[in-house]
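# Architecture at a glance
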Protein chains: 2
Amino acid sequence: MARTQGSRAHITGPLIRDTARRLFARHGYAAVSMRQIAAAVGVQAGALYAYTPDKQALLRDLLDSHMQDLLDAWRDDPGAAPLARLERFVRFHIAFSLDHPDAVFLSYMELRNLEPANFARITALRGRYEAALEAILRDGVAAGAMRIEDPKLTTLALIAMLTGVTNWYREGGRLDRDRIVQIYWGLARGAVGA
Amino acid sequence: MARTQGSRAHITGPLIRDTARRLFARHGYAAVSMRQIAAAVGVQAGALYAYTPDKQALLRDLLDSHMQDLLDAWRDDPGAAPLARLERFVRFHIAFSLDHPDAVFLSYMELRNLEPANFARITALRGRYEAALEAILRDGVAAGAMRIEDPKLTTLALIAMLTGVTNWYREGGRLDRDRIVQIYWGLARGAVGA
DNA sequence: GTCTATAAATTGATAGAC
DNA sequence: GTCTATCAATTTATAGAC
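Residue indices begin from 1 for each chain and proceed along its sequence in written order. For this description, chains carry letters from A and ligands carry numbers from 1, given in the order in which they are written. Restriction of local features to residues with pLDDT of at least 70 applies here, the model being predicted, together with a cutoff of 80 or more for giving and counting side-chain atom pairs; totals for whole chains, interfaces and linings are based on all residues. As a rule here, side-chain values cover all heavy atoms of the structure and leave hydrogens and water aside.

Chain A is annotated in an unreviewed UniProt entry as TetR/AcrR family transcriptional regulator from Paracoccus aestuarii.

Pasting the structure below:
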């Protein structure tokens with residue numbers, strides 16, 4: 001018989017987050033019940049509430065920590081050439097997206113299910129990430145290394161293009177990661193007129 | 001007092017579809033109840049079932065008719081120069097996306113809530129649309145008018161980039177539609193090496 | 001920390017009157 | 001075609017035992 005009692009707090013906490021992230025990404029926040037999460041984790045529904053005050057907080061924490069991780073992981077080198085910085089950004093964004101596909105998917109799919117205060121917080125973090133790319137583009141224009149009509153729109157367009165890899169990438173598919181980065185870098189370089 | 005009885009079938013049918021599309025796009029399919037749709041339409045929940053056998057059929061019909069509309073609306077001119085065809089595609093895709101933002105959003109957001117048979121059908125229609133762009137890119141490469149490393153990936157990348165306008169466009173914003181098309185066409189043209 | 005049990009509300013869908 | 005009323009299942013969240 002399986003365990004029916006006893007504490008496993010050291011693994012249950014992270015497991016709840018991992019499980020919720022996967023199920024939310026696959027079926028949508030509203031479509032996944034706390035009972036489904038609990039069943040996949042291997043606990044009863046009531047046990048979840050020792051880790052999160054409610055379902056909304058679970059979603060907010062997932063999106064919040066994802067955006068924090070993303071911002072912490074990106075390190076620009078303002079001293080390098082703008083084109084080299086852009087290439088690094090392309091490589092970073094694709095790698096991060098493929099390493100955390102569920103979190104990336106969630107963070108732009110479930111914004112609408114956040115309460116206003118949480119929505120504002122996540123949107124602000126996203127704005128900081130976009131500003132990081134926009135700064136590269138503006139420096140590239142200033143240095144004469146890029147030709148860009150509208151840096152703000154180009155930022156959004158490039159991020160949408162790069163994030164799109166999560167929609168079709170499958171491990172072991174036709175193209176490996178380096179090849180994908182190479183192709184997208186060619187597209188991005190052309191788009192900025194370099 | 002408001003009407004509490006009587007048939008208004010000629011307007012209720014389309015109204016249910018319009019309302020469901022808007023609410024599904026805003027809050028997500030699973031998050032919207034049949035009662036909420038009915039209330040927004042101005043009927044009681046039971047009345048909806050005179051128009052749709054169930055909630056799933058309502059979603060399927062919305063996605064199906066959107067993809068049909070999209071395919072019907074796009075008319076390529078295989079005799080024209082590849083770059084001119086691509087420019088027309090960019091203009092068309094952006095215009096269609098901004099004219100039907102909810103339908104576009106739904107059609108790539110709620111695929112996961114379709115039953116397998118419905119999912120396969122919608123995905124096949126989407127494949128036909130992608131093939132239309134890919135044909136232009138291949139012709140452009142063959143004619144020496146474009147330099148593209150991978151036409152398939154470039155197709156997906158361009159569509160993701162163009163569809164992204166629905167994420168930030170607001171009527172009466174900083175840029176009008178013609179200007180947006182102009183900017184995105186510049187990005188697309190550069191991306192394909194023209 | 002986890003369980004069992006349950007409260008209170010909401011869900012998709014149906015039946016039958018008009 | 002629409003309404004009212006309702007069923008059966010499911011939902012989030014809580015209370016109290018262990």
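## With respect to the overall build of chain A
Going by this rule: Strands are runs of DSSP state E lasting at least two residues, helices are runs of H or I lasting at least four, and both sets are numbered from the N terminus onward. Burial classes: relative accessible area under 20% of the type maximum marks a residue as buried, over 50% as exposed, and values in between as partly exposed (1.4 Å probe, protein chains only).
From N to C terminus, chain A includes ten helices and zero strands. What you see in chain A, going N to C, is helices and strands ordered as α-α-α-α-α-α-α-α-α-α. For chain A, the spread of C-alpha atoms along the three principal axes comes to 65 × 40 × 30 Å. Put simply, chain A has 194 residues, and 50% of those count as buried.

## Some words on the domain arrangement of chain A
Residues and elements named next belong to chain A. The following threshold applies: An automatic or database domain assignment is the source of the domain bounds shown. Here, residues are in contact when the closest pair of their heavy atoms is within 4.5 Å. Note: buried area is the sum, over both parts, of the accessible area (probe 1.4 Å) each one loses when the two are combined.
Parsing chain A into structural domains produces domain 1 (8–52) and domain 2 (57–192). On a C-alpha basis, the centres of domain 1 and domain 2 stand 28 Å from each other. Taken together, the contact pairs eleven residues of domain 1 with twelve residues of domain 2. A buried area of about 1,100 Å², summed over both sides, lies between domain 1 and domain 2, and 72% of it is on carbon and sulfur atoms.

## Looking at empty space enclosed by the protein
Just so we agree on the cut-off: We place a 1 Å grid over just the protein atoms. Points where a 1.4 Å probe fits but has no way out form a cavity, open points with protein on both sides within 12 Å along at least 5 of 7 lines form a pocket, and any residue with an atom within 4 Å of a point lines it. Grid points are joined across faces, edges and corners, and a volume is the space filled by probe spheres set on the points. Following the grouping adopted for this structure description, the nonpolar residues are Ala, Val, Leu, Ile, Met, Phe, Trp, Tyr, Cys and Pro, the charged ones are Asp, Glu, Lys and Arg, and the polar ones are all others, Gly among them.
Taken as a whole and judged by the stated rule, the model has one cavity of 30 Å³ or more. Computed from the structure, the largest cavity encloses a volume of approximately 60 Å³. Around the largest cavity sit 16 residues that line it, and Gly28 and Ala30 of chain A together with Gly28, Ala30 and Arg112 of chain B are the ones nearest its centre. Its residues assigned to classes, the lining of the largest cavity comprises six nonpolar, six polar and four charged.

## What to know about the packing of aromatic side chains
Residue and element names in this part refer to chain A. Note the following rule: Between rings of Phe, Tyr and Trp, where Trp is taken as its six-membered ring, a pair exists when centres lie within 6.5 Å; planes separated by under 30 degrees are stacked, by over 60 edge-to-face, and by other angles tilted.
For the coordinates displayed, the defined rule picks out 16 aromatic pairs over all chains. Each ring, one from phenylalanine 24 and one from tyrosine 29, has its centre 5.2 Å from the other, and the planes form 65 degrees; the classification is edge-to-face. When sorted by exposure, phenylalanine 24 lands in the same class as tyrosine 29, which is buried. Look at phenylalanine 105 and tyrosine 108: their rings are 6.1 Å apart centre to centre, the planes differ by 80 degrees, and that puts the pair in the edge-to-face class. Of this pair, phenylalanine 105 and tyrosine 108 both sit in helix α6 (residues 101–109), three residues apart, roughly one helical turn.

## Looking at helix α8 (residues 151–163) of chain A
Which entries qualify depends on this criterion: Multiplying 1.5 Å by the helix residue count minus one yields the expected span of that helix.
With 13 residues, α8 of chain A extends 18 Å from end C-alpha to end C-alpha; this agrees with the ideal 18 Å at 1.5 Å per step. Of all 13 residues making up α8 of chain A, twelve are buried, and the element is well covered by its neighbours.

## A few points about the layout of surface pockets
Taken as a whole, the second largest pocket spans an internal volume of roughly 490 Å³. Contributing to the lining of the second largest pocket are 26 residues, with Gly190 and Ala191 of chain A together with Gly190, Ala191 and Gly193 of chain B lying nearest its centre. Only α10 (177–191) of chain A together with α10 (177–191) of chain B provide two or more residues apiece to the lining of the second largest pocket. Looking at the lining of the second largest pocket residue by residue, the class counts come to eleven nonpolar, eight polar and seven charged.

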